[in-house]
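# An overview of the molecular structure
What follows is the residue order along each chain.
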Amino acid sequence: MMKKMSISASKASLVLFLCQMISALDVPLDSKLLEELSQPPTITRQSPKDYIVDPRENIVIQCEAKGKPPPSFSWTRNGTHFDIDKDAQVTMKPNSGTLVINIMNGGKAEAYEGVYQCTARNERGAAISNNIVIRPSRSPLWTKEKLEPNQVREGDSLVLHCRPPVGLPPPIIFWMDNAFQRLPQSERVSQGLNGDLYFSNVQPEDTREDYICYARFNHTQTIQQKQPISVKVFSMDSLNDTIAANLSDTDIYGAKPVTERQPVLLTPTGSASTKVELRGNVLLLECIAAGLPTPVIRWIKEGGELPANRTFFENFKKTLKIIDVSEADSGNYKCIARNILGSAHHVISVTVKAAPYWITAPRNLVLSPGEDGTLICRANGNPKPNISWLANGVPIAIAPEDPSRKVDGDTIIFSHVQERSSAVYQCNASNEYGYLLANAFVNVLAEPPRILTPANKLYQVIADSPALLDCAYFGSPKPEIEWFKGVKGSILRGNEYVFHDNGTLEIPVAQKDSTGTYTCVARNELGKIQNEVQLEVKDPTMIIKQPEYKVIQRYGQVSFECIIKHDSTLLPTVIWLKDNDELPDDERFLVGKDNLTIMNVTDKDDGTYTCIVNTTLDSVSASAVLTVVAAPPTPAIIYARPNPPFDLELTGQLERSVELSWIPGDENNSPITNFVIEYEDGLHEPGVWHYQTEVPGTQTTVQLKLSPYVNYSFRVIAVNEIGRSQPSEPSEQYLTKSANPDENPSNVQGIGSEPDNLVITWESLTGFQSNGPGLQYKVSWRQKDVDDEWTSVIVANVSKYIVSGTPTFVPYEIKVQALNDLGYAPEPSEVIGHSGEDLPMVAPGNVQVHVINSTLAKVHWDPVPLKTVRGHLQGYKVYYWKVQSLSRRSRRHVEKKILTFRGNKTFGMLPGLEPYSSYKLNVRVVNGKGEGPASPDKVFKTPEGVPSSPSFLKITNPTLDSLTLEWGSPTHPNGVLTSYILKFQPINNTHELGPLVEIRIPANESSLILKNLNYSTRYKFYFNAQTSVGSGSQITEEAVTIMDEAGILRPAVGAGKAMASRQVDIATQGWFIGLMCAVALLILILLIVCFIRRNKGGKYPVKEKEDAHADPEIQPMKEDDGTFGEYSDAEDHKPLKKGSRTPSDRTVKKEDSDDSLVDYGEGVNGQFNEDGSFIGQYSGKKEKEPAEGNESSEAPSPVNAMNSFV
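Scope of this entry: the structure provided in the associated data block. Model, not experiment: these values are computed from the prediction.

What follows is about the overall build of the chain. Across its full length, the chain holds nine helices and 88 strands. Buried residues in the chain amount to 41% of all 1206 residues. At a minimum sequence separation of 6, the contacts of the chain that also span at least 24 residues come to 65%. About 64,300 Å² of surface is accessible on the chain, with carbon and sulfur atoms providing 51% of the total.

Given below as structure tokens:
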């Protein structure tokens, strides 16, 4: 007989039938039974507490309830009875308490504002609804107001007030323009939570006349519009023009330019404010600042971190949003507005209060006469709520007395209840922020047993699988359940059966002899009833001839067999798959009763073919691979995997061992090297095969070790050099007896997740390791080094147990022992765990800094006491940051750097410091929970270092003997500059360096003129800065002095040096000198030929024409003019127009030499005759030239021709 569950007086209400309670929310009974059982009313649907209705539509106030007999309904309004029969506009729905107030036919919603409460009543009690507050929504119009245009100066802040009408519920605010386009918002322009539009600083593009605030009232689907607001932004330029136009010339005018300003908070005002929010709501905090440049907002929580996963930033980080707030979110929140000029901040002190919320809501009780029970109503809130009780809607103090009832604060205790004790109790938990109301009935029933499972229900299972036979029952008091097999069988008991609390009988491994009739008997003191069910155990479906691996030549034919054996009462269906998908829709594939044939095989038929056999109770499958190959050129011996072993037999069955034997299959031309034995646990993991052992290929018998409480099947796989065979058919099954567990859970750990708990975890045993039914774990713990007794608890189906209320981070001895229905496993070993960590309490002390050099410092600190770490010491973190540079005395924001030193280290090196700077640092201890408090900031300074190179070096104004040097101070002086060092030396034509000259320059100089240099000489300069520590890195530059005052080597800015360098260098190259000599010689020869030819030709044939025309360009000139005379035979030498004019200093300009032969030859579109005389008229246009020194009228000599190319 099953164990009878004892019911204590304090927990009698928790179980009655089906291990569940009859409740309004979850009644797992059929509808027929529900119709027969009496039940107090239960509210199933009601309108919300705060019910805002549309004044244009009918008002529907819901109140639905169920009970047996069906309840009747009544209403109160504002605390008094509401007689709906006297109001023609109000009706109640049939079989319901829902009210319908007719507004659309003349009623006014405002007339029905108030607080409504519904009561559902029958002979067993009365349930009440919440107080439902009815309020019609309102969407009033905007009050008319005269809006003055906003005229604001560029860069100033501006707030456009919306001030929407007060509606119910409050409207949604948004800003648009006349074209119904939303106004763009940014970090500079954004809408506040109150609907106002804030400008951190206005810009000229903000000028417009259609800033319109809209209020959308969602409940009535209406939108109200405020009058447009005009904004005109005066830029500084336009403002100056306006002022200038209105002032006289003698007036002083001019607006100040746009000035940058540090942040100022527009909202909220002041330095601090407070906010109260309710638990579970969304906390919204807002900070909007004015300033130029536009400030950036940052949020922090003083003394803590913003909650992860619940914190969001909106409106360009101006709004901090924390969802689902709790009391832990109370505290001071600081918003910081910052730009390059400074910052402003505001502290918002947040207090989180809480409307009442349930800890334990009262639950319905179903009791038998004479039983005991309790109703518990526990709620929390801030402030703590008051608990009051009502009975059938009446305060319990004035309700009819019930001797079985006793009220004790938040608990009602029932003793020896009778049927008249049935009632509905209401628990009200309230504080200043709201209330909770819960109905819970006490239903006293006296009912004989009933069995809900249909009579003669048929259950069918496959052999060696579990069978579950249902016996759903009901009765009051709770019936006892017994199972019998057969009409006159004895009571079922023992390890072969599992009896569930809901009446179900489980047969873990059903065999063929389990088939039969099973009788379920339910009895209590009021009666007895029984029900019979039928169990049929079917033979499993098996594939006795599986498809085999095939290698087939292309265009051949192949067939896969799939011969099955099944229970004669089951109808199997066979499905073939290719590569786990349907067979191709191809007539070459022929599916027979027990085979698959493929005709005219092609390469695409290559793959895995699976035969699946399904019945209504089970499914089996087998697969084989088809390999398509080309026809071999010559016959060869086919080596293949061995055939599977067969005829498996179990002998010598013992509790912990059995002998397995088999017959090997065909080797297929490759000897079998070994056999692999696998087992299946049909009780815990049916269908899953595990490795057991393996033996040499010459052995066909093996002694196998077994574990208790396992339903074994074995199979054997043969292996040769080609591969593994298909598994053999499974052996017969062998169920070993149950025993105590042999082992305990592994990987036992104890790690706290909170400062006041210890989380014990372990790796659960598998069903195979359980050794028997009813696997559980005994979890034991005690504080280490304290003379405490072990505390133990037994749990099942879990791998974790949480111990609450522990001290912070103390060691515990922990052990976890397995047990089952037959007993305990061996005593487990103890492990050491720790309860949860908390943040360290103190900061490291005696922090000292030893500056090693200008970029490296060593920091020392005293270790904190281990007791104050309150966790596993992970190390120390050093936060350090640069405060300012001592050379510039300027502050700038620098991010903090963090160095972590693992373990109990008490010193560390700080690399990468900047010389001649002031630093601060602090040290914090770190454990697994986080960081402890910071030590007081320690200030230290780094000594001077060598400076960086000067920021630039420019060489300008080259003359014959001087150069001007200009330079910029080092970007990083790293100390106080004492001087600059200039070194320079000449570079000759072969790039050899001359003597080095060094000059020391005062630190306050930024330019220098070097005089007495050589002309047309390249110099290389080396320039660096010095501090008292030494010289910094140098910067180099090259420059060239010019040849003469009108020389060609005056460098242009930027490319001048390169140009000068190129001209000087090319003139000294040997190839260039040779080329110039060859060109000069060629010109000399050409000139000589010209002179000879001209002397032969006499006067030009056109001489007379020239005289006749009297061309002013070729008229005779006075000798004192210094120009040429007329042409003549004796002196018929036409001068070179440009090339022959050589200045007295023997130098020429480049452009003079370029076209000296042009004017003499083709430049005048003429030509020479064969005798050298010039024919044709002068048609080329000549240009007059300014006199350049003493010019010669003679024909150009070879010397002059050479001069033109020098």
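Quick look at the sheet that holds strand S26 (residues 319-322) now. Taken in spatial order, the three strands of this open sheet run S22-S26-S25, and their pairing is antiparallel. Pairing within the sheet leaves two strands with one partner each, and these edge strands are strand S22 (283-286) and strand S25 (311-314). On average, adjacent strands in this sheet sit at an angle of 20 degrees to one another, irrespective of strand direction. Inspection of the sheet shows S25 paired to S26 by four bridges, in the antiparallel sense. Each residue of the ladder has a partner; that of Phe312, found in S26, is Lys321.

A few words on unusual backbone geometry. Lys68 connects to Pro69 through a cis peptide bond whose omega is 0 degrees. Here Pro69 is to be found in the loop between strand S4 (63-68) and strand S5 (72-77). Geometrically, the link from Leu168 to Pro169 is a cis peptide bond, its omega value of -10 degrees lying close to zero. Secondary-structure assignment places Pro169 in the loop between strand S13 (158-160) and strand S14 (172-176). Phi is positive for Arg163, which is not a glycine, with a value near 50 degrees. Tracing the backbone through its elements, the reader meets Arg163 in the loop between S13 and S14. Classification of Arg163 as exposed rests on a relative accessible area of 52%. Phi at His416 takes a positive value of approximately 50 degrees, unusual for a residue other than glycine.

So, on to the pairing of strand S24 (residues 296-301). Burial along S24 is one-sided: the residues Ile297, Trp299 and Lys301 are buried and none of Val296, Arg298 and Ile300 is. Judged from the six bridges that link them, S24 and strand S27 (residues 331-339) form a sheet pairing that is antiparallel. Bridge pairing in S27 links Trp299 to Cys335.

Right, let's talk about the state of the cysteines for a bit. By the definition in use, this model includes six disulfides. Between the sulfur atoms of Cys377 and its disulfide partner Cys427 the distance amounts to 1.7 Å. Across the S-S bond linking Cys377 and Cys427, the dihedral sits near -65 degrees, which makes this disulfide left-handed. With Cys377 in the loop between strand S30 (373-376) and strand S31 (378-382) and Cys427 in strand S36 (residues 423-431), the pair connects residues that are 50 residues apart, well separated along the chain. For the pair Cys377 and Cys427, one class covers both residues: buried. Paired by a disulfide, Cys562 and Cys611 hold their sulfur atoms 1.9 Å apart. Since a negative S-S torsion denotes a left-handed disulfide, the Cys562-Cys611 link at about -65 degrees is left-handed. Taken as a pair, Cys562 in the loop between strand S49 (558-561) and strand S50 (563-565) and Cys611 in strand S55 (residues 607-614) lie far apart in primary sequence, 49 residues in all. With a relative accessible area of 0%, Cys611 lands in the buried category. When the cysteines of the chain that form disulfides are numbered from the N-terminus onward, they connect as 1-2, 3-4, 5-6, 7-8, 9-10, 11-12.

This part covers the packing of aromatic side chains. In the structure shown here, the tally under the stated rule is 22 aromatic pairs. Geometrically, the ring pair formed by Phe174 and Tyr214 is stacked, given 5.6 Å between the ring centres and 5 degrees between the ring planes. In this pair, Phe174 sits in strand S14 while Tyr214 sits in strand S17 (residues 208-217), placing the two residues 40 residues apart along the sequence. The exposure classification of Phe174 matches that of Tyr214, with both residues buried. Ring geometry for Trp861 versus Tyr876: centroids 5.4 Å apart, planes at 50 degrees, classification tilted. Separated by 15 residues along the polypeptide, Trp861 in strand S73 (residues 856-862) and Tyr876 in strand S74 (residues 875-885) bring together distant segments of the chain. Like Tyr876, Trp861 is buried. Aromatic ring contacts, followed pair by pair, group Tyr679, Tyr712, Phe714 and Phe768 into a single cluster.

Another point: the side chain of Ser657. Residue position: Ser657 is located in strand S58 (residues 657-663). Given the relative accessible area of 15%, Ser657 is considered buried. Excluding residues within four positions of it along the chain, Ser657 makes contact with Gly652, Gln703, Leu704, Lys705 and Leu706.

Here three strands make up an open sheet; going across it, the order is S80-S81-S84 and the pairing antiparallel. With partners counted over all chains shown, the strands left at the sheet margins are strand S80 (950-956) and strand S84 (1007-1010), one partner each. Ignoring strand direction, the axes of neighbouring strands in this sheet form an average angle of 20 degrees. The sheet contact formed by strand S81 (residues 963-970) and S84 spans four bridges and is antiparallel. Looking at the pairing, Glu966 lines up with Ser1007 of S84.

Cut-offs applied
Residues numbered from 1 in each chain as written. Predicted model: local features only at pLDDT ≥ 70, side-chain atom pairs only at ≥ 80, totals over all residues. Heavy atoms only, no water. Helix = DSSP H or I, 4+ residues; strand = E, 2+ residues; numbered from the N terminus. Buried < 20%, exposed > 50% of the residue type's maximum accessible area, 1.4 Å probe, protein only. Contact = heavy atoms within 4.5 Å. Areas by Shrake-Rupley, 256 points an atom, 1.4 Å probe, with all protein chains shown as cover. Pairing = 2+ DSSP bridges. Axes fitted to C-alpha atoms, helices over the stretch in contact; angles between N-to-C directions. Disulfide = S-S within 2.5 Å. Phe/Tyr/Trp six-rings, centres within 6.5 Å; stacked < 30°, edge-to-face > 60°.

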